[in-house]
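Analysis of the macromolecular model
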Amino acid sequence: MSDDNKDRERARKAAAYKKNRELLLIKAAIYRANNKDKIRESQKAWVLKNKETLKKKHREYHAANKEKKNKQSKLHRLANAEKYEARLAQYREKHREKLRNQAREYYHNNKQKRAAYAAEYRKANKEKIQAYWRSPKGKTVMMNARHRRRSRISKTSTVASSEMLALKRKAKSCYYCGIKTKALTFDHIQPLAKGGAHTLDNLIMACAPCNSRKCAKDPHIFARQVGLLLI
Ligand SMILES: [Zn+2]
């Protein structure tokens, strides 16, 4: 067929299609409705046959439209925040054990990376961190952490943090040197490191210099050093 004939044939087909468009569309819809399973099967087969090509195209499209796609999904997430949160919570609940193990594994396998990141963060956020530890929340967090540490070491914790707070509020001066100050720290008379218990009757308030001088010394040796004991 010559090029002229080809063009003519194409124009004829286009005209016929235009003329019968509606009828053709109806016919196609009827065919689809009657052959749902067959169509689905052949579509599936086609997708399976062209899996690699489709994957490649998909990847190429994503690479070419990365920013657009990211922006789109970000907007979608923002617009459907509650739905996403709910789905995320559901996922976490369902895969709790797996996620925990993953986190543990990551924690152990990335010690250096974590340390480097933490150091970087501390360096970049020095003032923010200092402000946090000075804030009421930071102070409570620190106190609870110390409390847990003491309990862990002594294994005989019977003191509640509320009792410790009460002790701190009541104290007006250092147990060892008697200096009047509000900047008092907790001290175990018999140090935890020497088997002392983390109990209320083993706790006193001491000024920072006395506390650091005493450290984990035996209370009698320390008392002698600061002149509280003569023998
Ligand atoms: Zn003191």
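Before reading on, note that the structure itself is shown above.
Below you will find a few notes about this structure. Model, not experiment: these values are computed from the prediction.

Our focus in this paragraph is the overall build of the protein chain. What the protein chain contains, in helices and strands, is 12 helices and two strands. Helices and strands appear in the protein chain in the N-to-C order α-α-α-α-α-α-α-α-α-α-β-β-α-α. Relative to the globule expectation of 17 Å for 231 residues, the C-alpha radius of gyration of the protein chain, 37 Å, shows a markedly less compact shape. Its C-alpha atoms give the protein chain principal-axis dimensions of about 125 × 35 × 30 Å. For the protein chain, buried positions account for 7% of its 231 residues. Taking the contacts inside the protein chain whose residues are at least 6 apart along the sequence as the reference set, 48% of them involve residues at least 24 apart.

The subject of this paragraph is the environment of Glu120. Mapped onto the elements, Glu120 comes out in helix 7 (residues 111-124). Owing to 10 C-beta atoms within 10 Å, Glu120 belongs among the exposed residues under this scheme. Counting along the chain gives 114 residues from Glu120 to Lys6, while the straight-line C-alpha distance between them is 71 Å.

Membership of the largest hydrophobic core is limited to seven residues, which are Cys174, Tyr176, Leu184, Met205, Ala206, Cys207 and Cys210. Considering each element in turn, this core owes the most residues, three residues, to strand 2 (residues 203-207).

Turning our eyes to something else, we now look at helix 4 (residues 66-79). For helix 4, built from 14 residues, the straight-helix expectation of 20 Å at 1.5 Å per residue is met to within 8% by its first-to-last C-alpha distance of 20 Å. Counting buried positions along helix 4 gives zero out of 14 residues, so the element sits mostly on the surface.

Strand 2 sits mainly inside the fold: four of its five residues count as buried. In this structure, strand 1 (residues 184-188) lies alongside strand 2, joined through five bridges in antiparallel fashion. Within the sheet, the bridge partner assigned to His188 lies in strand 2 and is Leu203.

Within the element layout of this structure, Ala171 appears in the loop between helix 10 (161-170) and strand 1. On the basis of neighbour count, Ala171 is assigned to the partly exposed category, with 17 C-beta atoms found within 10 Å. The spatial distance from the C-alpha of Ala171 to the C-alpha of Met205 is 6.6 Å, given a sequence separation of 34 residues. The contact partners of Ala171, leaving out residues within four places of it in the chain, are Leu184 and Met205.

Parameters at a glance
- Residues numbered from 1 in each chain as written.
- Predicted model: local features only at pLDDT ≥ 70, side-chain atom pairs only at ≥ 80, totals over all residues.
- Helix = DSSP H or I, 4+ residues; strand = E, 2+ residues; numbered from the N terminus.
- Rg over C-alpha atoms; globule rule 2.2 N^0.38 Å.
- Buried ≥ 20, exposed ≤ 12 C-beta atoms within 10 Å, placed from the backbone.
- Contact = placed C-beta atoms within 7 Å.
- Core = buried A, V, L, I, M, F, W, Y, C linked by C-beta atoms within 7 Å.
- Expected span 1.5 Å × (residues − 1).
- Pairing = 2+ DSSP bridges.

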